[in-house]
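Geometric and topological summary
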Amino acid sequence: MTVSAEQEPGGAPPAYPSATVAAAPSRPPSDTGRDRFLDVVRLFVMALVVLQHWWLPVLVQEQGGLDTGSVLTSEGGFLLTWVSQVMPLIFFVGGAANMISWRSARGRGVAASTWFARRLRRLAWPVVPLAVVWIAASHLLVLGGSPVQPVLVGAGAAGMVLWFLAVYVLVVVATPVLVRAQERFGWWVPVALLGAAAVVDLTRFGTGAQWVGYLNVAFVWLGVHQFGFAYAHGTIRRRYAAAMVVGGGLTALALVFVGPYSLNMTGVFAAEDSNVAPPTMVLAAVGALQVGVAVLSRERISAWTRRPGPARLLDRVCPQLMTVYLWHMLPISVVAGVVVFGLGINTPEPMTGLWLLWGLLGAAVLLPLIVPLAHWAVRFETPPRALEGSPGMIRVLIAAALIGGGMLTLTVCGLGLGLSPLLGLLAVVAGVTLTRDPGGG
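Treat the numbers as computed from the prediction; the structure is a model and nothing was measured.

Notes on the overall build of the protein chain
Summing up its helical and strand segments, the protein chain has 18 helices and two strands in all. Here the C-alpha atoms of the protein chain give a radius of gyration of 21 Å, agreeing with the 22 Å that 2.2 N^0.38 yields for 441 residues. By principal-axis analysis of the C-alpha atoms, the protein chain measures approximately 65 × 55 × 55 Å. For the protein chain, buried positions account for 52% of its 441 residues. Counting contacts in the protein chain only where the partners sit at least 6 residues apart, residues at least 24 apart contribute 79% of the total. With an accessible surface of roughly 18,600 Å², the protein chain has 68% of that area assigned to carbon and sulfur atoms. In the protein chain, which carries 27 positive and 18 negative side-chain charges, the distance between the mean positions of the two groups comes to 13 Å.

Put into structure tokens, the structure is as follows:
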């Protein structure tokens, strides 16, 4: 399977140039194939994302409506989030993909605006059919007599997964500047970004100005994304990876037990009490820990992927992982609706044996639904040819703003009823349209 250097975070990671692989175990493999280590990381992340979106919400039918809670609010529930919060790893993988893609484009003389346009198209276009399906289905369900509130819960959950793409617009636009900074200053770049995140947290908690914390949407995620640059550059050697494990782990534990931080690392139906919204230094420290563990495990993971069975699995599954990420809430919502409303079965008491069985049976039911859905929906990963071309820097930056704003609107308002989802979808469509050549070529 041939891998393009222009593939998005949802596609298979690109090939990387090799040099001194033995001397630098963290450096990706030869340019004859994908870095399957990154494939495994992405597969691991997506599997945990799907599982937690089924397993962590607590759903109870009440008088025709749906009461939504979270396992995270139960005693000891926070412990699950130290395992289930794996989004830093996907930013790490995306950083490696973005760096090699940009360096490849730059080496071929591709203009930054052209590179931006390609990345934005592949990032945003798959959201258009997803939003159309959800918005249309929500209206049809309500017109058909379904209760409004449960429909909005499902549509809201489907919109929440788009936060990642809204942030990813930012990291794509920042990539050329941060790649150059990485090439010149090396480790000082993530240190500076995460240092700025620490200043934001101090200001937020010291002054009580909670809005300041949202600056860390940039500093924390760009800092973790920068770890991917370091990996692609071959500079996360084993001693640095070990330092990330020890330093990240100790920092995270110290902050949650001494500082004013939540113990929750994720916020599935409990975002008001987590380190995600907004992201904090605790999340950045956990990200450093995760990246360090992943890099230290790379040789064993890569050895496993060289077996024929795992290699075939990764070749088949990895090109569809972003499709799974975008569409998995549809079968989850359908199964939850059938179980809770159709069969009258509420989520069992969290952290019990029955709750564990609920999760396992749910996963067994969801897998045969998600796989064919992803196989069908993966066709939407490729933008139509009518959107090809280079729009110029001004148009592409406007496009990025519209796409990012549209994604944020869909994240906050969901993919359901009302004017806001339509406006969010319209902004995404307008942004994608602006990425084409204005001359139509």
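Observations concerning the layout of surface pockets
Of the volumes computed, that of the largest pocket is approximately 1,000 Å³. In terms of lining residues, the largest pocket is bounded by 39 residues, among which Met 160, Trp 163, Val 276, Ala 277 and Thr 411 are the most central. Residue assignment for the lining of the largest pocket shows that the elements contributing at least two residues are α1 (36-55), α6 (148-160), α7 (163-185), α9 (216-232) and α17 (393-413). Its residues assigned to classes, the lining of the largest pocket shows 28 nonpolar, eleven polar and no charged.

Describing the environment of Ala 174
Along the chain, the position of Ala 174 falls in helix α7. Along the sequence, Ala 174 and Ala 218 sit 44 residues apart, while their C-alpha atoms lie 9.9 Å from each other.

Comments concerning the pattern of salt bridges
Within this structure, the stated rule accounts for four salt bridges. Of the charged contacts, one joins Asp 39 and Arg 42 as a salt bridge, the two residues approaching to 3.8 Å between their closest N and O atoms. Of this pair, Asp 39 and Arg 42 both sit in helix α1, three residues apart, which is roughly one turn of the helix. Like Asp 39, the residue Arg 42 is buried in the burial classification.

Quick notes on helix α15 (residues 329-342)
Between its terminal C-alpha atoms α15 stretches 18 Å, which fits the 20 Å expected from 14 residues at 1.5 Å a residue. Buried residues of α15: Met 329, Pro 331, Ile 332, Val 335, Ala 336, Val 339 and Val 340, and no others. For α15, the buried positions fall inside an angular range of 160° around the axis, keeping them on one side. Positive backbone phi, at 70°, marks Gly 344, one or two positions downstream of α15.

Observations concerning the packing of aromatic side chains
As enumerated under the stated definition, the model contains 20 aromatic pairs in all. Members of the aromatic cluster, joined through ring pairs, are Phe 91, Trp 163, Phe 164, Tyr 168, Trp 221 and Tyr 325. If you follow Arg 239 out to its NZ or CZ, it ends over the ring of Tyr 240, 4.9 Å from the centre.

So, the pairing of strand β1 (residues 57-62)
Alignment of β1 against strand β2 (residues 65-70), held across six bridges, turns out to be antiparallel. Bridging across to β2, Val 60 finds its partner in Asp 67. Counted between consecutive antiparallel strands, the loop separating β1 from β2 contains two residues, among which Gln 63 sits at a positive phi close to 50°.

Concerning a nonpolar patch on the surface
Taken together, the side chains of Val 334, Val 338, Leu 343 and Ile 345 present a nonpolar region at the surface, about 360 Å² in accessible area. Within the secondary structure layout, Leu 343 lies in the loop between α15 and α16 (353-377).

Focus on the packing of α15 against α16
Packing of α15 against α16 leaves a shortest axis separation of 9 Å and a crossing angle of 135°. By the angle between their axes, α15 is oblique relative to α16. Where α15 crosses over α16, the handedness of that crossing is right-handed. Between α15 and α16, the residues in contact are Leu 330, Pro 331, Ile 332, Val 335 and Val 339 and Trp 358, Val 365, Leu 366, Leu 369, Ile 370 and Leu 373, respectively.

Regarding α16
Three or four residues apart is the spacing at which side chains of an α-helix point the same way, because the helix has 3.6 residues per turn. A rise of 1.5 Å per residue sets the reference length of α16, with its 25 residues, at 36 Å; its end C-alpha atoms lie 35 Å apart and thus fit the reference within 8%. Maximal helix bending in α16 amounts to about 30°, located at Leu 366; proline Pro 368 follows within four positions. Turning to α16, its buried residues are Trp 355, Trp 358, Gly 359, Gly 362, Leu 366, Ile 370, Leu 373, Ala 374 and Ala 377. Taken together, the buried residues of α16 touch α1, α2 (78-84), α14 (321-327) and α15.

A few points about unusual backbone geometry
Working note: non-glycine residues mostly have negative phi, and peptide bonds are mostly trans. Here Ala 277 and Pro 278 are connected by a cis peptide whose omega angle stands at 0°. Backbone geometry places Met 351, a non-glycine residue, at a positive phi of 65°. Residue placement: Met 351 occurs in the loop between α15 and α16.

Topic: the packing of helix α5 (residues 127-143) against helix α18 (residues 419-434)
Orientation of α5 relative to α18, taken along the N-to-C sense of each, is 160°, at an axis distance of 10 Å. Taken together, the axis directions place α5 and α18 in an arrangement best described as roughly antiparallel. Remark: the crossing between α5 and α18 carries left-handed chirality. Between α5 and α18, the contacting residues are Val 128, Ala 131, Val 132 and Ile 135 on the first element and Pro 421, Leu 422, Leu 425, Val 428 and Val 429 on the second. Across the contact of α5 with α18, the residue classes tally to nine nonpolar, no polar and no charged.

Examining the side chain of Gln 290
Here Gln 290 shows up in helix α11 (residues 281-296). Contacts of Gln 290, omitting those with residues within four sequence positions, involve Gln 85, Val 86, Pro 88 and Leu 89.

Rules used throughout
- For every chain, the first residue of the written sequence is number 1, and numbering continues from 1 along that sequence.
- Given that this is a predicted model, residues contribute local features only at a pLDDT of at least 70 and side-chain atom pairs are listed and counted only at 80 or more, while totals for whole chains, interfaces and linings are drawn from all residues.
- Hydrogens are left out, water is left out, and the side-chain values use all remaining heavy atoms of the structure.
- Runs of E in the DSSP output that reach at least two residues are strands. Runs of H or I that reach at least four are helices, and both are numbered from the N terminus.
- Put simply, the radius of gyration uses C-alpha atoms, and a globule should come to 2.2 Å times the residue count raised to 0.38.
- Only protein chains enter the area calculation, which uses a 1.4 Å probe; residues under 20% of their type maximum are buried, those over 50% are exposed, and those in between are partly exposed.
- Note on contacts: a residue pair is in contact if any heavy atoms of the two residues lie within 4.5 Å.
- Methods summary: accessible areas were calculated by the Shrake-Rupley approach with a probe of 1.4 Å, and residue burial reflects only the protein chains presented.
- Counting rule applied: Lys, Arg positive; Asp, Glu negative; His and chain ends not counted.
- For charged residues, the charge sits on one atom: NZ in Lys, CZ in Arg, CG in Asp, CD in Glu.
- Cavity and pocket criteria rest on a 1 Å grid covering protein atoms alone: a 1.4 Å probe that fits but cannot get out defines a cavity, protein on both sides within 12 Å along at least 5 of 7 lines defines an open pocket, and an atom within 4 Å of a point defines a lining residue.
- Grid points are joined across faces, edges and corners, and a volume is the space filled by probe spheres set on the points.
- Residue polarity is assigned by list, with Asp, Glu, Lys and Arg as charged and Ala, Val, Leu, Ile, Met, Phe, Trp, Tyr, Cys and Pro as nonpolar; anything else, Gly included, falls into the polar class.
- Salt bridges, as used here, are contacts in which a Lys or Arg side-chain nitrogen is within 4 Å of a carboxyl oxygen on Asp or Glu.
- An expected span of 1.5 Å times one less than the residue number is assigned to each helix.
- Directions from the helix axis toward the C-beta atoms define the arc.
- Pairing of aromatic side chains here covers Phe, Tyr and the six-membered ring of Trp, requires ring centres within 6.5 Å, and sorts the geometry by plane angle: under 30 degrees stacked, over 60 edge-to-face, intermediate tilted.
- Lysine and arginine charges are scored as sitting over a ring when NZ or CZ, respectively, is within 6 Å of the ring centre and within 35 degrees of the ring normal.
- Only strands joined by at least two bridges in the DSSP assignment are considered to pair.
- Like charges are joined within 9 Å and nonpolar side chains (Val, Leu, Ile, Met, Phe, Trp, Tyr) within 5 Å, but only among residues with over 30% relative accessible area and no salt bridge; these make up the patches.
- Geometry is summarised by axes, namely lines fitted to C-alpha atoms with helices restricted to the contacting stretch, and by angles between N-to-C directions that run from 0 to 180 degrees.
- Working rule for angles: under 35 degrees goes down as roughly parallel, over 145 as roughly antiparallel, 65 to 115 as roughly perpendicular, anything else as oblique.
- Take the far helix as the reference: if the near one is turned anticlockwise from it by less than a right angle, the crossing is left-handed, and if turned clockwise, right-handed.
- Fitting axes to the seven residues ending at a residue and to the seven starting there, one defines the bend at that residue as the angle between these axes.

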